[in-house]
There are 2 protein chains.
Amino acid sequence: MATRTRRSQRRTEALSRERIVGAAVELLDAAGEGGLTFRALTERLSTGPGAIYWHVANKGELLGAATDAVVAAALAIEPDKSPKTPQDEIRAVALGLFDAIDEHPWLATQLSTQFSRSPWGSVTARIFESIGRQICALGVPEDNWFTATSGLVHYILGAAGQNAANARVLGPDVDRTEFLDAVSRAWEELDPGDYPFTRAVADQVRDHDDHEQFLAGIDLVLTGVTALHLPGGQADTPPAA
Amino acid sequence: MATRTRRSQRRTEALSRERIVGAAVELLDAAGEGGLTFRALTERLSTGPGAIYWHVANKGELLGAATDAVVAAALAIEPDKSPKTPQDEIRAVALGLFDAIDEHPWLATQLSTQFSRSPWGSVTARIFESIGRQICALGVPEDNWFTATSGLVHYILGAAGQNAANARVLGPDVDRTEFLDAVSRAWEELDPGDYPFTRAVADQVRDHDDHEQFLAGIDLVLTGVTALHLPGGQADTPPAA
DNA sequence: ACCTGAACACCGTTCAAGT
DNA sequence: ACCTGAACACCGTTCAAGT
């Protein structure tokens, strides 16, 4: 408690939507979803709630704007190292999102919510589009475009979100290997009768690299995507009888 | 407004954790995450907040218990029609979750949260385990068990969640095809320069069957899972150069 | 046009007190 | 052991009033 937040704000600096969104991101980063409060926001910006409501419709819109800002920055990084395969392009976008969610764990929930509330609005549309284009470039037949793209996006968001959540379960400074060790031990103590699989998989958790694990999942889905339209593989012909 | 909730409660019936969880599920179903309130709960059960806190530690625990109850019911349905392939088994579990989330949309957020907060606790562990066993039965090499299983689980939760959210975007009685039509049209009106892919995929959205689409995604991942360990396919050997 | 800040209707949670 | 209900510290949001 009594954590001094910076008072550096020149109170003369004009209030703007951007400044509000920036402060919102800072609060979310510092204390998660619960940290974004109109009281905290007014204190940090040294104004009253009315001032904020003049620039922003409500808390929901503010959350959306914060999400937009962070994701847009993450997707914009990519410079133009020209010759890349569609797979590499997909991995780059996926890793960009993975790292953004890792830095801003609140993004995971927010993106899922926003993605489902209005898929064609704002950021989520850009994510869908950028993955979709590569699916298309991969030579996937048009019938499978939608399935393949949304499959990938769901995996990316889900896996990245879980990783971020794992990272924050304990304090920010807990040793990663120490934490994974604890998880692994917890799994190993499960009832052997009820959880044989989870127990067997326990040490795979212990020493896995986050990025590697994440990319392995991407490749898994990509393998499925490309295998589907090879001779003998149709969407309606499941992988085995 | 002024929606009459049932007053049928015999006030003499003893308060119990089960009865509280049951009421919580009803409130969540009726009005979503925001509908679960200690005031609403006390009214429905005709008690005070103190009584509820005697049976339940806090709101988080109550949400967890509600999630547990609903998912356990969904996974328990499966009778023993004996001979099934692992794929069929996976599809059955996936569809069970899909339908449960469709009936109780709040489950999506809740499961993701719970899944990441403590993967080894309660329901999420059971989901992971039941999918994992089939992955194992599929002959996937042990190295890929964890990746394959969590990939599938993420897809299932993500896709089911999005479907449920879509279903509730408009009122519960809006025609499905009418809604999909609106989405499709919205996509078609996107900027052709920025969103060529999304526009191209717009009519695939218009006439898709939810279950079919969902299962196609499952098969896509399953194809990847099984293809990985065929001759020539290793986890570290991405689907194309 | 932009900002102030008191006020409103909520929320989760606690706790002395009852039975 | 189980329940009551007033009270506390918080929310998001509004709005008359100022500049």
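Predicted model only: the values in this text are computed from it and were never measured. (Residues numbered from 1 in each chain as written. Chains lettered and ligands numbered in written order. Predicted model: local features only at pLDDT ≥ 70, side-chain atom pairs only at ≥ 80, totals over all residues. Heavy atoms only, no water.)

Asks: Just checking my understanding: could you explain the overall build of chain A for this structure?
Replies: Per the secondary structure count, chain A includes 12 helices and zero strands. Its helices and strands in sequence order give chain A the pattern α-α-α-α-α-α-α-α-α-α-α-α, from N to C terminus. A buried classification covers 46% of the 241 residues belonging to chain A. Counting only contacts in chain A whose residues sit at least 6 apart along the sequence, the fraction spanning at least 24 positions is 62%. Accessible surface computed for chain A: about 11900 Å², of which carbon and sulfur atoms make up 53%. (Helix = DSSP H or I, 4+ residues; strand = E, 2+ residues; numbered from the N terminus. Buried < 20%, exposed > 50% of the residue type's maximum accessible area, 1.4 Å probe, protein only. Contact = heavy atoms within 4.5 Å. Areas by Shrake-Rupley, 256 points an atom, 1.4 Å probe, with all protein chains shown as cover.)

Asks: Looking at this model, I keep getting lost on the domain arrangement of chain A. Mind explaining?
Replies: It is common to give the size of an interface as the accessible area lost on bringing the parts into contact. All names here are of chain A. We note that the domain assignment places domain 1 (2-56) and domain 2 (79-174 + 209-233) within chain A. In this assembly, four residues from domain 1 lie in contact with five residues from domain 2. A combined buried area of about 410 Å² lies between domain 1 and domain 2, and 52% of that area is made up of carbon and sulfur atoms. If you sort the residues of domain 1 by the area they bury against domain 2, Leu28, Asp29 and Glu33 come out on top, with a joint share of 87%. At the boundary of domain 1 with domain 2, the tally comes to zero salt bridges. In this structure, the connection of domain 1 to domain 2 is made through two residue pairs in polar contact (both at pLDDT 80 or more). When its residues are assigned to classes, the side of domain 1 that touches domain 2 shows two nonpolar, no polar and two charged. (Domains from an automatic or database assignment. Buried area = accessible area lost by both parts, 1.4 Å probe. Salt bridge = Lys/Arg side-chain N within 4 Å of Asp/Glu carboxyl O. Polar contact = N/O pair within 3.5 Å; in protein donor to acceptor, adjacent residues only side chain to side chain. Nonpolar A, V, L, I, M, F, W, Y, C, P; charged D, E, K, R; others polar.)

Asks: Honestly, the nonpolar core in this entry has me stumped. Any pointers?
Replies: The nonpolar side chains of a soluble globular protein tend to be buried with one another. Among the nonpolar cores identified, the biggest contains 132 residues, and Leu41, Ile135 and Ile218 of chain A together with Leu41, Ile135, Trp187 and Ile218 of chain B are the most heavily contacted of them. With residues near it in sequence (within four places) discarded, Ile135 of chain B still touches Ile90, Val140, Trp145, Ala148, Thr149, Leu152 and Val225 of chain B. (Core = buried A, V, L, I, M, F, W, Y, C linked by side-chain atoms within 4.5 Å.)

Asks: Help me out: how do you make sense of helix H5 (residues 86-103) of chain B in this one?
Replies: The periodicity of an α-helix, 3.6 residues per turn, causes residues three or four places apart in sequence to face the same way. With 18 residues, H5 of chain B ought to run about 26 Å at 1.5 Å a step, and its terminal C-alpha atoms sit 26 Å apart, in line with that. Listed as buried for H5 of chain B are Pro86, Gln87, Glu89, Ile90, Arg91, Val93, Ala94, Leu97, Phe98, Ala100 and Ile101 of chain B. (Expected span 1.5 Å × (residues − 1).)

Asks: Quick question: what am I supposed to make of the protein's contact with DNA strand D here?
Replies: Taken together, 17 residues lie around DNA strand D, and Arg39 and Tyr53 of chain A together with Thr47, Trp54 and His55 of chain B are the ones closest in. At 2.6 Å from a phosphate oxygen of DNA strand D is found a side-chain nitrogen or oxygen belonging to Tyr53 of chain A. Note that a phosphate oxygen of DNA strand D is positioned 3.4 Å from one of the backbone N or O atoms of Gly48 of chain B. For the surface near DNA strand D, the elements supplying multiple residues, two or more each, are helix H2 (38-45) and helix H3 (49-55) of chain A together with helix H3 (49-55) of chain B. In terms of residues, the surface near DNA strand D owes the most to one element, H3 of chain B, which gives five residues. Class assignment of the residues belonging to the surface near DNA strand D gives a composition of eight nonpolar, seven polar and two charged. (Near = heavy atom within 4 Å.)

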